[in-house]
Amino acid sequence: MAGHSQFKNIMHRKGAQDAKRSKIFNKLAREITVAAKSGLPDPAMNPRLRAAIQAARAQNLPKDRIDRAIKQGQPGGGDDTNYDEVRYEGYGPGGVALIVEALTDNRNRTASEVRSAFTKHGGSLGETNSVSFMFNRIGQVSYPAAVASADDMLEAAIEAGAEDVQSDEHGHSIITGTDTLGEVRDALEARFGAPESAKLTWTPMNLVPVAAEDTAQTLLKLLDVLEDNDDVQTVLGNFDIPADLLEKLG
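Cut-offs and rules
- Residues numbered from 1 in each chain as written.
- Predicted model: local features only at pLDDT ≥ 70, side-chain atom pairs only at ≥ 80, totals over all residues.
- Heavy atoms only, no water.
- Salt bridge = Lys/Arg side-chain N within 4 Å of Asp/Glu carboxyl O.
- Helix = DSSP H or I, 4+ residues; strand = E, 2+ residues; numbered from the N terminus.
- Buried < 20%, exposed > 50% of the residue type's maximum accessible area, 1.4 Å probe, protein only.
- Pairing = 2+ DSSP bridges.
- Axes fitted to C-alpha atoms, helices over the stretch in contact; angles between N-to-C directions.

Quick word on the pattern of salt bridges
Okay, step 1: By the definition in use, this model includes 13 salt bridges.
Okay, step 2: With a closest N to O distance of 2.9 Å, R48 and E31 form a salt bridge. Taken together, the positions of R48 in helix α3 (residues 47-58) and E31 in helix α2 (residues 18-38) put the pair 17 residues apart, joining distant regions of the chain.
Okay, step 3: The partner of R137 in a salt bridge is E101, with the nearest N and O atoms 3.5 Å apart. Note that R137 is positioned in strand β4 (residues 135-143) and E101 in strand β2 (residues 97-104), a separation of 36 residues in sequence.
Okay, step 4: Overall, R137 belongs to the partly exposed group, its relative accessible area being 34%.
Okay, step 5: One connected set of salt bridges, linked through shared partners, spans R30, D105, R109 and D231.

Here it is in structure tokens:
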């Protein structure tokens, strides 16, 4: 368990907790609103909005909440807040590189909170591009495991122009180039239905082993604090925590 799949599993368990669901819903709704502001309110004509709605549905965001978020993003919809997309980069415990992506209406507040989280948990916030050079920017389309076998998904993805497919019991992760995400997503959607998500993301070139229990525990606390921040949308890292240690830490 490492990289994207490991972090996905950690966040999946977090997402199953009722105490976290409200925050997750708020973040999904914010992304829908920002996506609606950035283009047409019709998801068929706005790829970012379509992806945001798909991600929201995968987390069971109620339809009326989705519709309300879209409306708020339209002129006169009631949400005049201007959100900036901001990326923070830094190092966590054990020299792990982390990328934090946020949507914020107050850059100073968010930067201060993210910096404080890093500092309090044995890390340090760096400048933009201080760690992103250790990651590749990719497109990623995600499907649940039940929609297809690993072989069928691989065949369909390659035909659609994807670069790679990673399949396990949790689902299928289809990797694309940043400029081919849209066409791969559309081809797979025509065959398998709407994906759980389709987005640009980061994948580490190499992984940093985190085998010491205290280091892993502190790292997980940092990830938890960052994910709890209302402005933070995603957190990605190049850590590799052994499965048995991850299970022990709960």
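On we go from here.
Remarks on the sheet that holds strand β3 (residues 124-125)
Okay, step 1: One open sheet holds the four strands; their spatial order is β3-β1-β2-β9, and the pairing between them is antiparallel. Of all strands in the sheet, those bounded by a partner on one side alone are β3 and β9 (232-237).
Okay, step 2: Direction of pairing for strand β1 (residues 84-91) relative to β3: antiparallel, over a ladder of two bridges. By the bridge assignment, G90 is partnered in β3 with L125.

What to know about the sheet that holds β4
Okay, step 1: One open sheet accounts for four strands, arranged β5-β6-β4-β7; its pairing is antiparallel. The open sheet has two edge strands with one neighbour each: β5 (164-168) and β7 (197-204). Adjacent strand axes in the sheet meet at a mean angle of 30 degrees when their direction is disregarded.
Okay, step 2: Where β4 meets strand β6 (residues 171-176), five bridges bridge the pair, whose relative direction is antiparallel. Each residue of the ladder has a partner; that of Y143, found in β6, is H172.

By themselves these figures say nothing about function.
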